[in-house]
Amino acid sequence: MESLQDKREPRDLQIKNNTHSSDQINPSDEEEPPDCAKEEGWVIVKEFLDPTSKEHRSLLSDIVEIPKGICGAYVLQVEVNQPGEMVLEKAKQELRETEEMVNESVAKLQELLKKEQEENGLIVPLENIAWLKRFLRIAHYYPESAFQKVKNYYKFKIEDKNKRFYENLKPSTEEIIFNHDIMTVLPNRDQHGRRILLVETGRRWKYNECSLDDIFKGSVIFLEAALMEPETQISGVVVIFDLDGLDAWQMFHFTINPAFIFRIVDLLQTASPIRIKSLHIINQPLGFGKLLKLFTILMSEKLQKRIHIHGADFESLHQHIDKDCLPPEYKGTCEIPRISGPIWLEALSMLDEEYDAVSCYGYKK
């Protein structure tokens, strides 16, 4: 059978020439063509959603505009509509996502959630099929497992140790993590269609200005953005931790904050309904192994097996992520400019209404 990797189709929301007919920009935004030579490279404009495709959107709010990044010939935006046929075929093969399975699993999950609402006060958008699919996809369409994922997701938010992080959480209120520019999503997907999240907690991280709490909230914001994309729900996310410049004081800062370690591991393996396909550690300093053990001791065997430590061996990294998906600093050949934190702040702040809608649901008793 021909692999899905070999026959991936171009996606409307990946990287493409901005003269494509489907990429019309609001006339008010077309006064001056974006130029990659300008500072940061990327310009953020508004993309107007097609109201006739609302049934395919995996959003909870009624927003009609989403951010769209343009850099010369390249375009990037949040993918909220129905994915292409190749991605749907991948969902069918890997996640059992057939029409019959969807209908049966949605009905059963709605039944379970309605009972949980009556007994324990869990408020969720029961009739939003796209939202239900978020949890069914990560559970391979086993409704009981998806039900547990929903409960984990919302219970995590109301635990005493976590709830303060979710109060009024949205991009526009978290300028610190964006302005310190230690987290970004690469502008292109990898060879398997997965989003690539890059976290640079080395020389970019000033822990006396940007706390571990800020890093946690930034992680939640980026993962929630990934959940808005059906294609990412299906294909998943890979994370690269670039530790270049991580010093002893920074490592010590992790060790004296065990609550952060517990919290971030819980988020990744139980509380977020996103498929974390692999975690890659590069440019780590001597002595990092002891710090890593503080994290891995809390991880499931499944998640531990998805951790890959590369050091400065980028050929090792390329065995997992094709070099044409990576920037030159990782010996890659993708020269699309990096999207900086301040640009992500501008873009994701346009989705504040969606983050507010996400916060409206959960356990209310």
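Going by the structure above, here's the rest.
Residues numbered from 1 in each chain as written. Predicted model: local features only at pLDDT ≥ 70, side-chain atom pairs only at ≥ 80, totals over all residues. Heavy atoms only, no water.

Side note on the packing of helix H3 (residues 129-138) against helix H4 (residues 143-158)
So, step 1. Contact geometry for H3 and H4: axes closest at 8 Å, N-to-C directions at 110 degrees. As summarised for this structure, H3 and H4 are arranged roughly perpendicular, according to the angle between their axes. For the crossing formed where H3 meets H4, the hand is right-handed. When H3 is examined against H4, the residues Trp131, Phe135, Leu136 and Ile138 are found in contact with a partner set consisting of Pro143, Ala146, Lys149, Val150, Tyr153 and Tyr154.
So, step 2. Residues of the contact of H3 with H4, tallied by class, amount to nine nonpolar, no polar and one charged. (Axes fitted to C-alpha atoms, helices over the stretch in contact; angles between N-to-C directions. Helix = DSSP H or I, 4+ residues; strand = E, 2+ residues; numbered from the N terminus. Parallel < 35°, antiparallel > 145°, perpendicular 65-115°, else oblique. Left-handed = near helix turned anticlockwise from the far one by under 90°. Contact = heavy atoms within 4.5 Å. Nonpolar A, V, L, I, M, F, W, Y, C, P; charged D, E, K, R; others polar.)

A few points about the packing of aromatic side chains
So, step 1. What the rule picks out here adds up to 15 aromatic pairs.
So, step 2. Aromatic pair Phe178 and Phe222: ring centres 5.9 Å apart, planes at 55 degrees, arrangement tilted. Of the two residues, Phe178 is situated in helix H5 (residues 175-179) and Phe222 in helix H6 (residues 212-227); the sequence distance between them amounts to 44 residues.
So, step 3. A relative accessible area of 1% means that Phe178 is categorised as buried.
So, step 4. Classification of Phe222 by relative accessible area gives buried; the value is 7%.
So, step 5. Here the aromatic rings of Phe314 and Tyr330 are separated by 5.7 Å at their centres, their planes lie at 45 degrees, and the arrangement is tilted. Taken together, the residues Phe314 in helix H12 (residues 314-318) and Tyr330 in the loop between H12 and helix H13 (341-348) connect sequence positions 16 residues apart. By the burial criterion, Phe314 is buried, and Tyr330 matches it.
So, step 6. The ring of Tyr142 is capped by Arg96, whose NZ or CZ atom sits 3.8 Å from the centre of that ring.
So, step 7. It is Arg263 that lies over the ring of Phe216; its NZ or CZ is 5.7 Å from the centre. (Phe/Tyr/Trp six-rings, centres within 6.5 Å; stacked < 30°, edge-to-face > 60°. Buried < 20%, exposed > 50% of the residue type's maximum accessible area, 1.4 Å probe, protein only. Lys NZ or Arg CZ within 6 Å of the ring centre and 35° of its normal.)

A closer look at the sheet that holds strand E6 (residues 195-199)
So, step 1. Here we have five strands laid out as an open sheet, ordered E5-E6-E7-E8-E9, and mixed in their pairing. Bordering the open sheet on either side are strand E5 (183-185) and strand E9 (307-311), each of which pairs with just one other strand. For this sheet, the mean inter-axis angle between neighbouring strands, taken without regard to orientation, is 20 degrees.
So, step 2. Both E6 and strand E7 (residues 237-242) contribute to a ladder of five bridges, which runs parallel. Bridge pairing in E7 places Ile196 opposite Val238. (Pairing = 2+ DSSP bridges.)

So, the environment of Arg204
So, step 1. Structurally, Arg204 is set in the loop between E6 and H6.
So, step 2. Residue classification places Arg204 among the partly exposed residues on the basis of a relative accessible area of 30%.
So, step 3. Taking the C-alpha atoms as reference points, Arg204 and Met183, separated by 21 residues in sequence, lie 9.7 Å from one another.
So, step 4. Within the structure, the side chain of Arg204 is placed 3.1 Å from the side chain of Glu200, a separation counted as a polar contact. (Polar contact = N/O pair within 3.5 Å; in protein donor to acceptor, adjacent residues only side chain to side chain.)

Looking at the packing of helix H2 (residues 99-120) against H4
So, step 1. With their axes 9 Å apart at the nearest point, H2 and H4 run at an angle of 45 degrees to one another. Considering their axes alone, H2 and H4 lie oblique with respect to each other. For the element pair H2 and H4, the recorded crossing hand is right-handed. On the side of H2, the interface is formed by Ser105, Lys108, Leu109, Leu112, Leu113 and Glu116, while H4 contributes Pro143, Glu144, Ala146, Phe147, Val150 and Lys151.
So, step 2. Looking at the contact of H2 with H4, its residues break down into seven nonpolar, one polar and four charged.

With respect to the sheet that holds strand E3 (residues 74-77)
So, step 1. The antiparallel open sheet is built from three strands, whose spatial order is E1-E2-E3. Each edge of the open sheet is held by one strand with a lone partner, namely strand E1 (43-48) and E3. This sheet shows a mean twist of 35 degrees between the axes of neighbouring strands, independent of strand direction.

Things to note about the environment of Ala357
So, step 1. With respect to the helices, strands and loops of the structure, Ala357 is situated in helix H14 (residues 352-359).
So, step 2. Taking the relative accessible area as the measure of exposure, Ala357 reaches 11% and is therefore buried.
So, step 3. With 296 residues separating them in the primary sequence, Ala357 and Ser61 have C-alpha atoms 5.7 Å apart.
So, step 4. For Ala357, the residues in contact, after removing those within four places along its chain, are Leu60 and Ser61.

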